[in-house]
Amino acid sequence: MLVRDILNKKGNKVFTSSPDTLIGEIANTLVKENIGAIVIIEKDLVVGILSERDIVRGYTEKKSVRSTKAKELMTKNVITCNTKNTTEELLELMVKKHFRHIPVVENNKLIGIISTGDLVKDRTKRLKKEIDQLKSYVTKSY
């Protein structure tokens, strides 16, 4: 399965913010939208990603995280994917690199985001279908 297939099912809504947005505002968006990360954009380019984990790390380094700017806590070297990447490639990469969200970029433009939850959900659905097909085959064979 390809990334484009996941985006076709889930949609390509992505929450973004600027590097100068305060963490307090971003945290409110994360809670309100029930999401785990927000993509940081500058001049239509992905310049960072800020996750719940980044914010928690910030609390160990700073006294007042709420008034800190996103650019101070965000992950700057963002790994991205495109719609032609396979879900297996992404899952392997995300597990290996220990991150849970990956922006989808085509022609230098952000078009979506994939989470480990999206990948696990897709994989579970496909495995269930495979199991049902095998059960059906076995049942018909006897």
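The structure this text deals with has already been given above.
Structure report, in brief. This structure is a prediction, so every number in the text was calculated from the model and none was measured. (Residues numbered from 1 in each chain as written. Predicted model: local features only at pLDDT ≥ 70, side-chain atom pairs only at ≥ 80, totals over all residues. Heavy atoms only, no water.)

1. Structural notes on the side chain of His 101
Then comes step 1: Tracing the sequence through the fold places His 101 in strand β4 (residues 101-106).
Then comes step 2: If we skip the residues at most four places from it in the chain, His 101 touches Gly 36, Ala 37, Ile 49, Met 94, Ile 113, Ile 114 and Ser 115. (Helix = DSSP H or I, 4+ residues; strand = E, 2+ residues; numbered from the N terminus. Contact = heavy atoms within 4.5 Å.)

2. A closer look at the environment of Glu 89
Then comes step 1: With respect to the helices, strands and loops of the structure, Glu 89 is situated in helix α5 (residues 87-97).
Then comes step 2: Sequence spacing of Glu 89 and Val 3 is 86 residues, and the spatial spacing of their C-alpha atoms is 9.8 Å.
Then comes step 3: Engagement of the side chain of Glu 89 in a polar contact is seen with the side chain of Asn 85, the distance being 3.2 Å.
Then comes step 4: At 2.8 Å, the side chain of Glu 89 and the backbone nitrogen of Thr 86 are in polar contact. (Polar contact = N/O pair within 3.5 Å; in protein donor to acceptor, adjacent residues only side chain to side chain.)

3. As for the sheet that holds strand β3 (residues 45-51)
Then comes step 1: Ordered by their spatial adjacency, three strands build an open sheet running β1-β2-β3, and the pairing between neighbours is mixed. Two strands lie at the open edges of the sheet, namely β1 (16-17) and β3, each paired on one side alone.
Then comes step 2: Each of β1, β2 (37-42) and β3 is contacted by helix α2 (residues 23-33), which is oriented at about 130° to β2, the strand it contacts most. (Pairing = 2+ DSSP bridges. Axes fitted to C-alpha atoms, helices over the stretch in contact; angles between N-to-C directions.)

4. Brief notes about helix α1 (residues 3-10)
Then comes step 1: For α1, the complete set of buried residues consists of Val 3, Ile 6 and Leu 7. All buried residues of α1 lie within an arc of 100° about the axis, which places them on one face of the element. Exposed and facing more than 90 degrees away from the buried side of α1 are Asn 8 and Lys 9.
Then comes step 2: Of the residues trailing α1, Gly 11 is marked for its positive phi of about 95°. (Buried < 20%, exposed > 50% of the residue type's maximum accessible area, 1.4 Å probe, protein only. Arc of directions from axis to C-beta.)

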